[in-house]
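# Tertiary structure, described
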Amino acid sequence: MRAVRAVSGLWRWRRNPLRRATDLAEAWLALTALLLVTLAAPLIGVLSGSAAHTSLQRSVRAQQQSRHPVTATVVRELDPAPPATDAELVGGDPAGRVLARWTAPDGTARREAVQVRLPDPRPGDTFRVWTDGRGDRVARPLDPGTATAHAVLAGAGAALLAAGLSEGGRRLVLRRMLRGRYACWDREWGRVGPDWGRAGADS
């Protein structure tokens with residue numbers, strides 16, 4: 001839609017004895033905006049998406065190397081904790097809070113209160129938690145597919161932002177040009193208006 005609006009100013013390229021300098025300037029403005037929307041904005045989107053994809057995949061590899069899934073065992077159920085205490089770690093609304101034990105990658109035993117999504121946790125139930133090399137719980141590592149989706153969204157957002165900025169710039173410059181044109185008309189009318197229709201006014 002923005003490209004169509006930008007094209008609307010290209011008619012001013014036509015040769016016409018009544019064509020003003022501002023008409024030609026509007027044509028150049030429309031052409032510039034069209035090129036920015038159709039060429040520059042997609043290129044910016046591709047470059048931004050590619051950069052985001054590279055950065056996110058690097059983070060994915062780093063997280064997969066430093067985070068480890070371990071099996072935790074429920075020791076006993078605990079009283080519910082305040083909401084959103086551990087939302088980042090469980091990845092959703094927890095169904096309960098338990099005291100759990102697990103063995104860290106370095107071989108040390110760990111016991112800690114954990115929010116879980118087990119509907120009816122009982123002693124001896126097992127579930128998976130993610131830990132770092134020392135056994136401290138961490139968030140689940142980013143999935144490669146999710147990282148790719150985020151990169152695509154980042155590229156699309158950058159392209160849309162670039163297109164919106166180019167269209168907004170075109171409208172802003174066009175508005176200033178129109179204001180200048182109207183001001184010129186007002187000055188001309190102020191000069192010839194009082195004499196409009198009088199005999200010999202054009203002599």
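In this text the structure is predicted, and so the values were computed from the model without any measurement.

### Details of the overall build of the protein
When you go through the protein residue by residue, the secondary structure sums to 4 helices and 4 strands. In the protein, the succession of α and β elements from N to C terminus is α-α-β-α-β-β-β-α. Taken across its 203 residues, the protein has 29% of its residues classed as buried. Look at the contacts in the protein between residues 6 or more apart in sequence, and 68% of them connect residues 24 or more apart. Accessible area for the protein stands at about 13500 Å²; split by element, carbon and sulfur atoms hold 58% of it.

### What about the nonpolar core?
Counting residues in hydrophobic clusters, the biggest one holds 11 residues: Val 70, Ala 72, Val 74, Val 98, Ala 100, Trp 102, Val 114, Val 116, Leu 118, Phe 127 and Val 129. Residue assignment for this core shows that the elements contributing at least two residues are strand 1 (68-78), strand 2 (96-103), strand 3 (109-116) and strand 4 (126-131). If sequence neighbours within four positions are ignored, Phe 127 has contacts with Val 70, Thr 71, Ala 72, Val 74, Val 98, Ala 100, Val 114, Val 116 and Leu 118.

### Comments concerning the environment of Val 46
In this fold, Val 46 is placed in helix 2 (residues 21-66). As a C-alpha pair, Val 46 and Ala 156 span 110 residues in sequence and 8.0 Å in three-dimensional space.

### Topic: the side chain of Gln 63
In this structure, Gln 63 sits in helix 2. From its side chain, Gln 63 meets the backbone nitrogen of Leu 142 in a polar contact 2.7 Å long. Discounting residues that sit within four places of it in the chain, Gln 63 has contacts with Arg 140, Pro 141 and Leu 142.

### Digging into the pattern of salt bridges
Under the criterion given, the structure shown has 7 salt bridges. Residue Arg 137 pairs with Glu 112 through a salt bridge whose shortest N-O separation is 3.0 Å. Here Arg 137 is found in the loop between strand 4 and helix 4 (144-192), whereas its partner Glu 112 is found in strand 3, with 25 residues between them in sequence. The class of Glu 112 is partly exposed, set by a relative accessible area of 26%. Because the salt bridges share partners, they merge into one network encompassing Arg 110, Asp 132, Arg 134 and Asp 136.

### Remarks on the pairing of strand 3
Where strand 2 meets strand 3, 8 bridges bridge the pair, whose relative direction is antiparallel. If you follow Trp 102 over to strand 3, its bridge partner there is Arg 110. Following strand 2, the chain reverses through 5 residues before pairing antiparallel with strand 3; Gly 107 in that reversal takes a positive phi of roughly 95°.

### Some thoughts on the sheet that holds strand 4
Reading across from one edge, 3-2-1-4 is the order of the 4 strands in this open sheet, with antiparallel pairing throughout. Looking along the sheet, the strands with just one partner apiece sit at the ends: strand 3 and strand 4. Mean inter-strand twist for the sheet, computed between neighbouring axes without regard to direction, equals 45°. When strand 1 meets strand 4, the two strands line up antiparallel, connected through 6 bridges. The residue bridging Ala 72 from the neighbouring strand is Phe 127, located in strand 4.

### A few points about the environment of Thr 73
Tracing the backbone shows Thr 73 in strand 1. Here Thr 73 falls in the buried class, since its relative accessible area comes to 14%. Taking C-alpha positions, Thr 73 is 5.7 Å from Gly 124, a pair spaced 51 residues apart along the chain. Each residue touching Thr 73, except ones within four places of it in the same chain, is listed here: Leu 99, Ala 100, Arg 101, Gly 124, Asp 125 and Thr 126.

### Comments concerning the pairing of strand 2
Examined bridge by bridge, strand 1 and strand 2 share 5 bridges and lie antiparallel to one another. Paired with Glu 77 across the bridge in strand 2 is Val 98.

What counts, and where the lines are drawn
Residues numbered from 1 in each chain as written. Predicted model: local features only at pLDDT ≥ 70, side-chain atom pairs only at ≥ 80, totals over all residues. Heavy atoms only, no water. Helix = DSSP H or I, 4+ residues; strand = E, 2+ residues; numbered from the N terminus. Buried < 20%, exposed > 50% of the residue type's maximum accessible area, 1.4 Å probe, protein only. Contact = heavy atoms within 4.5 Å. Areas by Shrake-Rupley, 256 points an atom, 1.4 Å probe, with all protein chains shown as cover. Core = buried A, V, L, I, M, F, W, Y, C linked by side-chain atoms within 4.5 Å. Polar contact = N/O pair within 3.5 Å; in protein donor to acceptor, adjacent residues only side chain to side chain. Salt bridge = Lys/Arg side-chain N within 4 Å of Asp/Glu carboxyl O. Pairing = 2+ DSSP bridges. Axes fitted to C-alpha atoms, helices over the stretch in contact; angles between N-to-C directions.

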